Amino acid sequence: MIRADPPAAHFGLGIVVVASVSVGYFSTPVAGALIAGAFTALFIAALAVMFLRGIRGADAWRRAYLLAFGWANWI
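Structure report, in brief. (Residues numbered from 1 in each chain as written. Predicted model: local features only at pLDDT ≥ 70, side-chain atom pairs only at ≥ 80, totals over all residues. Heavy atoms only, no water.)

Comments concerning helix α1 (residues 6–26)
Inference 1: Between its first and last C-alpha, α1 extends 30 Å over 21 residues, near the 30 Å set by a 1.5 Å rise per residue.
Inference 2: Listing the buried residues of α1 in full gives Ala8, Ala9, Gly12, Val16, Ser20 and Gly24. Burial along α1 is one-sided: seen end-on, the buried residues are contained in an arc of 140°. Set apart from the buried face of α1 by more than 90 degrees, the exposed residues are Pro7, Val18, Val21, Tyr25 and Phe26.
Inference 3: In the core, the buried residues of α1 are packed alongside α2 (29–52) and α3 (57–69). (Helix = DSSP H or I, 4+ residues; strand = E, 2+ residues; numbered from the N terminus. Expected span 1.5 Å × (residues − 1). Buried < 20%, exposed > 50% of the residue type's maximum accessible area, 1.4 Å probe, protein only. Arc of directions from axis to C-beta. Contact = heavy atoms within 4.5 Å.)

Structure representation (C-alpha cells):
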C-alpha cells in the first residue's frame, strides 16, 4: 500500500514553495504564480471532495494536504 505522511507532505510543500520562487525569479513572476496556483487549486479541489464525501474538520484538511503535497515521499 502506498501511503503519505505529514513530514513528507511538509517537504512537498517546501519543494513547491522553492520551485515557485525559483521559477518566478529566473523566469517570470507569472510562471512562479502559476506553479503555486496549480498546487493551491489541487489542494482546494481535494478539500472540496473531502467535504462532499462527508469528511469534516481537521481530518478533511489533513487528507487534502496529504493528497496535494504527500508526493514528496517518493522523491
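Re α3
Inference 1: In this model α3 runs 19 Å from its N-terminal to its C-terminal C-alpha over 13 residues, within 8% of the 18 Å that 1.5 Å per residue would give.
Inference 2: Listing the buried residues of α3 in full gives Ala60, Ala64, Tyr65, Leu66, Ala68 and Phe69.
Inference 3: Residues of α3 that are buried make contact with α1 and α2.

Section: the environment of Asp5
Inference 1: Structurally, Asp5 is set in the segment before α1.
Inference 2: When the C-alpha positions of Asp5 and Leu67 are compared, they lie 9.8 Å apart, and in sequence the two are 62 residues distant.
Inference 3: Discounting residues that sit within four places of it in the chain, Asp5 has contacts with Leu66 and Asn73.

Some remarks on the packing of aromatic side chains
Inference 1: In this structure the tally under the stated criterion is 5 aromatic pairs.
Inference 2: Relative to Trp61, the ring of Phe43 lies with its centre 5.7 Å away and its plane at 40°, an arrangement referred to as tilted. Taken as a pair, Phe43 in helix α2 and Trp61 in helix α3 lie far apart in primary sequence, 18 residues in all.
Inference 3: Judged by relative accessible area, which is 16%, Phe43 ranks as buried.
Inference 4: Judged by relative accessible area, Trp61 falls into the partly exposed class, the value being 45%.
Inference 5: Arranged with centres 5.5 Å apart and planes meeting at 55°, the rings of Tyr65 and Phe69 form a pair that is tilted. Taken as a pair, Tyr65 and Phe69 lie in helix α3 at a separation of 4 residues, close to a single helical turn.
Inference 6: Exposure remark for Tyr65: the relative accessible area of 17% places this residue in the buried category.
Inference 7: A relative accessible area of 7% means that Phe69 is categorised as buried. (Phe/Tyr/Trp six-rings, centres within 6.5 Å; stacked < 30°, edge-to-face > 60°.)

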